[in-house]
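Tertiary structure, described
As a plain string of letters, each chain reads:
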Amino acid sequence: MISVYLFRNQLTKFNFVKKGNMKTSKEQSESFKKYNALIHPQRIDFMLSPGINTFMAQSTPKKLHAFLLVWTGFSIKMTEKVESWISRAGESCETMNYNEVGNRLKYHANQEAGHDLMLVADLKVLIQKWNTLYNDNITEDDIFNLNVPYNTNEYVALHENTIQGKHPYTQVAIEYEIERISVMYGPKIIENVTYTLGEDFESAISFLTDHVLIDQGHTKFNIDLLEKCLAAKGDLNELVKTGGSALKIYAGFLNECIKLSAAINEREQWTSQLTN
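Residues numbered from 1 in each chain as written. Predicted model: local features only at pLDDT ≥ 70, side-chain atom pairs only at ≥ 80, totals over all residues. Heavy atoms only, no water.

What to know about the environment of alanine 89
Assignment of secondary structure puts alanine 89 in helix H6 (residues 82-95). On the accessibility criterion, alanine 89 (0% relative accessible area) is buried. Residues alanine 89 and lysine 106, 17 residues apart in the sequence, show an inter-C-alpha distance of 8.0 Å. Dropping the residues within four chain positions of it, alanine 89 is found in contact with Leu105, Ile163, Pro168 and Gln171. (Helix = DSSP H or I, 4+ residues; strand = E, 2+ residues; numbered from the N terminus. Buried < 20%, exposed > 50% of the residue type's maximum accessible area, 1.4 Å probe, protein only. Contact = heavy atoms within 4.5 Å.)

Considerations on the packing of helix H5 (residues 61-79) against helix H11 (residues 171-197)
Relative orientation of the contacting elements H5 and H11 amounts to 130 degrees, with a least axis distance of 9 Å. As judged from the angle between their axes, H5 and H11 are oblique. In the packing of H5 onto H11, the handedness of the crossing is left-handed. Note on element contacts: H11 touches H5 through Asn192, Val193, Thr196 and Leu197, opposite Pro61, Leu64, His65 and Leu68. Of the residues belonging to the contact of H5 with H11, the class tally is 5 nonpolar, 3 polar and no charged. (Axes fitted to C-alpha atoms, helices over the stretch in contact; angles between N-to-C directions. Parallel < 35°, antiparallel > 145°, perpendicular 65-115°, else oblique. Left-handed = near helix turned anticlockwise from the far one by under 90°. Nonpolar A, V, L, I, M, F, W, Y, C, P; charged D, E, K, R; others polar.)

Focus: the pattern of salt bridges
The tally for this structure, following the rule as stated, stands at 8 salt bridges. Its salt-bridge partner being arginine 88, residue glutamate 160 comes within 2.8 Å of it at the nearest N-O pair. With glutamate 160 in helix H10 (residues 150-164) and arginine 88 in helix H6, this residue pair connects regions lying 72 residues apart in the sequence. Taking the relative accessible area as the measure of exposure, glutamate 160 reaches 19% and is therefore buried. Note that aspartate 224 is salt-bridged to lysine 220, the shortest N-O span being 3.9 Å. One end of the pair, aspartate 224, and the other, lysine 220, are both in helix H12 (residues 206-231), 4 residues apart, so they sit about a helical turn from each other. Overall, lysine 220 belongs to the partly exposed group, its relative accessible area being 32%. (Salt bridge = Lys/Arg side-chain N within 4 Å of Asp/Glu carboxyl O.)

If you want it as structure tokens, here you go:
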């Protein structure tokens with residue numbers, strides 16, 4: 001796990017966006033510029049959505065803690081199959097003669113192995129801290145027994161449909177847009193968590209801190225791979241459609257986390273949620 005101080009130093013060192021390690025507009029293909037232009041409205045919708053802004057700006061410690069509990073718990077389901085999804089998408093690409101894209105997706109899949117275990121560990125710490133701070137006795141099962149957010153299942157379905165569909169290379173758009181979230185919003189989220197809840201909570205956000213750093217490199221990788229999809233005559237509109245769907249679904253998931261976390265902010269509401 002990376003300490004907050006090391007995280008800040010590393011982020012300064014490896015900040016691809018500010019340091020210019022991403023492709024400049026002059027280096028981007030015209031097709032990639034079109035992709036960015038077409039998906040821009042969906043990115044704006046995500047930026048304005050309540051969930052991501054709660055993550056970045058919730059200043060009431062108990063509310064932010066509850067949000068983290070729900071987000072972490074249900075993110076496990078959304079990440080436990082990531083390695084398999086990317087690898088299978090790579091295999092599907094190869095069967096459709098997108099060989100370079102498929103090969104690189106399978107390589108990338110290995111980099112995602114076991115990341116859900118970081119969330120499992122984070123959830124244990126968050127629960128322990130919640131029970132200590134609020135004299136409560138919630139368990140992991142209490143979180144998992146909540147109704148699974150609709151958009152959690154939609155996120156799983158998006159990956160499966162992409163892998164089994166006519167355009168499996170659009171998995172690259174999912175990877176790009178979701179990992180881009182870590183790069184664009186992650187530093188502010190971590191700053192808010194450590195400021196609002198205290199730097200001792202760094203042990204409860206290992207997944208966040210690690211992904212803000214590693215997704216810097218992954219985003220550069222995804223840009224290059226998206227360029228290769230477009231150069232291989234991948235369907236621009238399908239890439240935009242899939243990437244936009246990923247953003248919409250993830251925004252919806254974060255919005256649902258607000259509602260579910262409201263149910264555990266007070267013990268009476270928590271009990272009611274479990275018994276409904």
